[in-house]
Amino acid sequence: TMVFFVHKKVGYDLSVSVIPVTILGGALAIFLGFRNNSAYDRWWEARKVWGAIVNVSRNFGTQVVAYIDDKEAQNTLVHRHIAWLYVLNMHLRKNIDIKQVGHYLDPQFSKMLETARNKPVQILHRQGKMLTENLREGRITEFQHSMLMADIQTMYNEQGKAERIKNTVFPFYYNYFTRLFLWVFILLLPCALVDGMNFMLIPIATMVAFVFYILDKSGEVTEEPFENRASDTPMSSICRTIEIDLLQQIEAEELPDALPIEYTRFGAAYIK
């Protein structure tokens, strides 16, 4: 609006050639496309990691029930695995509260976890020790122990992948220079259009700038998939789904309800 008023009403020439603005817009589109593709790769890899966790969790629960006859040992292994899911969820969101899963852990181990550096790793470590104890006591065979430990190894691998996504910072210069080019483009765009348009300059320039800005913002949000936003990996919902499945496998009497689907102010489904 200011560019239009100063150029048309005051008579001060603010126009610039459309050629450099067009070149800048093309370069900006390349930057945004590359950054958004890389951000989507991170988002999709995070979703694949949690899809693999769903599969290995169900397989682990099935094998525990099939291989181990002792009901108490079954419950301990499955409950501890459910605790691992939720602790991993909180670990990736940098907000761990062991009390939320205390009912799935024995008090002594729960207290020890409070001081552990990597709490999900310690839970998997305890799972491996218990499986080895069952092997030594003759409750499972070497083959069964090998199969169960393979699941534990898969859990370690998937946790490592999730931690890599969380802890790998997206290259700073992509965000910085993309945002710099974006604002230069937004500032120059009205000056490039002011000679050829009247009042239509305002909505056209606003619309074009808004499209580029939304592309930049969507990439910025997508590159961090573990922040508990509407577009992020729904880890809490996935954990609850696995929890229900595993509790049914050990024939638990009480099952938690699935997490409800919430909706944002723009009508998008928000699954935590």
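Before reading on, note that the structure itself is shown above.
Predicted model, so just to flag it, every value in this text is computed and none were measured. (Residues numbered from 1 in each chain as written. Predicted model: local features only at pLDDT ≥ 70, side-chain atom pairs only at ≥ 80, totals over all residues. Heavy atoms only, no water.)

Draft legend 1. Here's a closer look at the overall build of the chain. Looking only at helices and strands, the chain features 9 helices and 2 strands. Starting at the N terminus, the α and β elements of the chain follow one another as α-α-α-α-α-α-α-α-α-β-β. Burial status across the chain gives 40% buried among its 272 residues. For the chain, the share of sequence-separated contacts (at least 6 apart) that also reach a separation of at least 24 residues comes to 71%. Accessible surface, the chain: about 15300 Å² in total, of which carbon and sulfur atoms supply 59%. (Helix = DSSP H or I, 4+ residues; strand = E, 2+ residues; numbered from the N terminus. Buried < 20%, exposed > 50% of the residue type's maximum accessible area, 1.4 Å probe, protein only. Contact = heavy atoms within 4.5 Å. Areas by Shrake-Rupley, 256 points an atom, 1.4 Å probe, with all protein chains shown as cover.)

Draft legend 2. Seen up close, helix H9 (residues 235-249). For H9, which comprises 15 residues, the first-to-last C-alpha distance of 21 Å matches the rise-based estimate of 21 Å (1.5 Å per residue) to within 8%. Among the residues of H9, Met235, Ser236, Ser237, Ile238, Cys239, Ile242, Glu243, Ile244, Leu246 and Leu247 are the ones counted as buried. The inward-facing, buried residues of H9 abut helix H2 (18-67) and helix H3 (71-92). Directly beyond the C-terminal end of H9, a positive phi value near 60 degrees is found at Glu251. (Expected span 1.5 Å × (residues − 1).)

Draft legend 3. Just the packing of H2 against helix H8 (residues 201-222), in detail. Axis separation between H2 and H8 bottoms out at 8 Å; the angle between their running directions is 25 degrees. It follows that H2 is roughly parallel to H8 by the angle criterion. When the axes of H2 and H8 are compared, the crossing they make is left-handed. Together, Gly25, Leu28, Ala29, Leu32, Arg35, Asn36, Ala39, Tyr40 and Trp43 of H2 and Phe212, Leu215, Asp216, Ser218, Gly219, Glu220 and Thr222 of H8 make up the contact between the two elements. Within the contact of H2 with H8, the residues separate by chemical class into 8 nonpolar, 5 polar and 3 charged. (Axes fitted to C-alpha atoms, helices over the stretch in contact; angles between N-to-C directions. Parallel < 35°, antiparallel > 145°, perpendicular 65-115°, else oblique. Left-handed = near helix turned anticlockwise from the far one by under 90°. Nonpolar A, V, L, I, M, F, W, Y, C, P; charged D, E, K, R; others polar.)

Draft legend 4. The nonpolar core, seen in detail. Judged by nonpolar contacts, the single largest core of 47 residues is most densely connected at Trp50, Ile53, Trp84 and Phe226. The set of elements that each furnish at least two residues to this core consists of H2, H3, helix H4 (107-113), helix H5 (119-136), helix H6 (142-167) and H9. For this core, the leading source of residues is H3, giving 12 residues. In this view, Phe226 contacts Ala46, Trp50, Leu92, Arg93, Ala162, Ile165, Lys166, Asp232, Thr233 and Met235; residues no more than four positions away in its chain are not counted. (Core = buried A, V, L, I, M, F, W, Y, C linked by side-chain atoms within 4.5 Å.)

Draft legend 5. Focus on the packing of aromatic side chains. Counted under the stated rule, the structure contains 7 aromatic pairs. Here Phe177 and Phe181 contribute two aromatic rings whose centre-to-centre distance is 6.3 Å and whose plane-to-plane angle is 40 degrees, an arrangement assigned as tilted. With Phe177 and Phe181 both in helix H7 (residues 172-193), this residue pair falls 4 residues apart, about one helical turn. An aromatic cluster of three or more residues is present, and its members are Phe31, Tyr176, Phe177 and Phe181. One Lys or Arg, Arg80, reaches over the ring of Phe109 and ends 5.8 Å from the middle of that ring. (Phe/Tyr/Trp six-rings, centres within 6.5 Å; stacked < 30°, edge-to-face > 60°. Lys NZ or Arg CZ within 6 Å of the ring centre and 35° of its normal.)

Draft legend 6. Region of interest: H7. Taking 1.5 Å of rise per residue, the 22 residues of H7 would be expected to cover 32 Å, and the 32 Å separating its terminal C-alpha atoms lies within 8% of that figure. Considered for burial, the residues of H7 that qualify are Asn175, Thr178, Leu182, Phe185, Ile186, Leu189, Pro190, Cys191, Ala192 and Leu193.

Draft legend 7. Summary view of the pattern of salt bridges. Evaluated as defined, the whole model comprises 12 salt bridges. Of the charged contacts, one joins Asp216 and Arg35 as a salt bridge, the two residues approaching to 2.8 Å between their closest N and O atoms. Residue Asp216 is located in helix H8, and its partner Arg35 is located in helix H2; the two are separated by 181 residues in the primary sequence. Among the residues examined, Asp216 registers a relative accessible area of 1% and is labelled buried. Given the relative accessible area of 0%, Arg35 is considered buried. We note a salt bridge from Arg58 to Asp245, for which the minimum N-O separation is 2.9 Å. (Salt bridge = Lys/Arg side-chain N within 4 Å of Asp/Glu carboxyl O.)

Draft legend 8. Broad picture of the side chain of Lys166. Structurally, the position occupied by Lys166 is in helix H6. Judged by relative accessible area, which is 14%, Lys166 ranks as buried. Within the structure, the side chain of Lys166 is placed 2.6 Å from the side chain of Glu227, a separation counted as a polar contact. (Polar contact = N/O pair within 3.5 Å; in protein donor to acceptor, adjacent residues only side chain to side chain.)

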